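So the chains spell out like this:
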Amino acid sequence: MDKDKNEELQKEELGSLFTLIRGQIDKLPISSSKKQKMTEQIMKLKLLTVDSREPRIALVGRRGSGKSSLINAMFGEEKQYVSSVKSGTGKGKWLWYPNDLNKKIRLLDSRGLGESENPTEGFDRKTPMEELAHAVNTEQPDVFYF
Ligand SMILES: Nc1nc2c(ncn2[C@@H]2O[C@H](COP(=O)(O)OP(=O)(O)OP(=O)(O)O)[C@@H](O)[C@H]2O)c(=O)[nH]1
Ligand SMILES: [Mg+2]
């Protein structure tokens, strides 16, 4: 079984365990305020486990500031196109770090802001801001790294 499916199943099992525990709390011979407190604690634990997901970081900045280079340095390979003079990155791209089989962090390499001419790579939207807004809308980042 692949790793993703295994993790999915584990989360499902853990999810039903939380439902079971909540049911048991309801049956306890204690005051309703104590039950509520216990349920709140359990729900916090659920948020940190079953409902957790990988962190999403968006690299944002002026054209040529080195976003794609940083990505390539992190991955140790030429993942993203780097441009020395003109704007490079066209469409924003979300990548799995360290790789698609080991999904630890989601990283966005975005189209540079403040470009004076169109990027070398293909792009879908007229302005860098529109391109960035699109990339951000598809997978809401937790952090922007300027
Ligand atoms: N000196 C120096 N040059 C860098 C550094 N990081 C990147 N560069 C150079 O800066 C230029 C632009 O790098 P990119 O990684 O394409 O920059 P970018 O932010 O992705 O650019 P856009 O995609 O156009 O927004 C390239 O010539 C890189 O080699 C750095 O830390 N120091
Ligand atoms: Mg780039």
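Owing to the predicted nature of the structure, the values given are computational and were not obtained by experimental measurement. (Residues numbered from 1 in each chain as written. Chains lettered and ligands numbered in written order. Predicted model: local features only at pLDDT ≥ 70, side-chain atom pairs only at ≥ 80, totals over all residues. Heavy atoms only, no water.)

Chemist: Help me out: how do you make sense of the overall build of the chain in this one?
Modeler: Helix and strand content of the chain: four helices and four strands. Each helix and strand of the chain, placed in order from N terminus to C terminus, yields the pattern α-α-β-α-β-β-α-β. Among the 146 residues that make up the chain, the fraction classed as buried is 29%. Taking the intrachain contacts of the chain between residues at least 6 apart in sequence as the baseline, contacts between residues at least 24 apart amount to 56%. Surface exposure of the chain reaches about 10,000 Å², of which carbon and sulfur atoms provide 54%. Both charge centroids of the chain, one from 25 positive and one from 22 negative side chains, sit 5 Å from each other. (Helix = DSSP H or I, 4+ residues; strand = E, 2+ residues; numbered from the N terminus. Buried < 20%, exposed > 50% of the residue type's maximum accessible area, 1.4 Å probe, protein only. Contact = heavy atoms within 4.5 Å. Areas by Shrake-Rupley, 256 points an atom, 1.4 Å probe, with all protein chains shown as cover. Lys, Arg positive; Asp, Glu negative; His and termini not counted. Charge placed at Lys NZ, Arg CZ, Asp CG, Glu CD.)

Chemist: Explain the sheet that holds strand β1 (residues 56–59) here, please?
Modeler: Strands belonging to one sheet form pairs held by backbone hydrogen bonds; the direction of such a pair is parallel or antiparallel. What the four strands build is an open sheet, ordered β2-β3-β1-β4; its pairing is mixed. One side of each edge strand has no neighbouring strand; the edge strands of this open sheet are β2 (93–99) and β4 (143–145). On average, adjacent strands in this sheet sit at an angle of 30 degrees to one another, irrespective of strand direction. (Pairing = 2+ DSSP bridges. Axes fitted to C-alpha atoms, helices over the stretch in contact; angles between N-to-C directions.)

Chemist: Help me out: how do you make sense of the domain arrangement of the chain in this one?
Modeler: By a widespread convention, an interface's size corresponds to the accessible area lost as its parts come together. According to the domain assignment, the chain consists of domain 1 (3–49) and domain 2 (56–145). Computed from C-alpha coordinates alone, the two centres of domain 1 and domain 2 are separated by 38 Å. (Domains from an automatic or database assignment.)

Chemist: Looking at this structure, I do not really get the site of ligand 1. What am I missing?
Modeler: The environment of ligand 1 is formed by 15 residues, the closest being Gly64, Lys67, Ser69, Gly88 and Thr89. In this structure, Ser69 approaches ligand 1 through a side-chain N or O atom, which is 2.6 Å from an oxygen atom. Backbone polar atom of Gly112 to an oxygen atom of ligand 1: 3.1 Å apart, as the coordinates give it. In the complex, the protein chains occlude 62% of the 650 Å² of accessible area that ligand 1 would expose alone. Residue classes in the shell around ligand 1 are distributed as one nonpolar, eleven polar and three charged. (Near = heavy atom within 4 Å. Polar contact = N/O pair within 3.5 Å; in protein donor to acceptor, adjacent residues only side chain to side chain. Nonpolar A, V, L, I, M, F, W, Y, C, P; charged D, E, K, R; others polar.)

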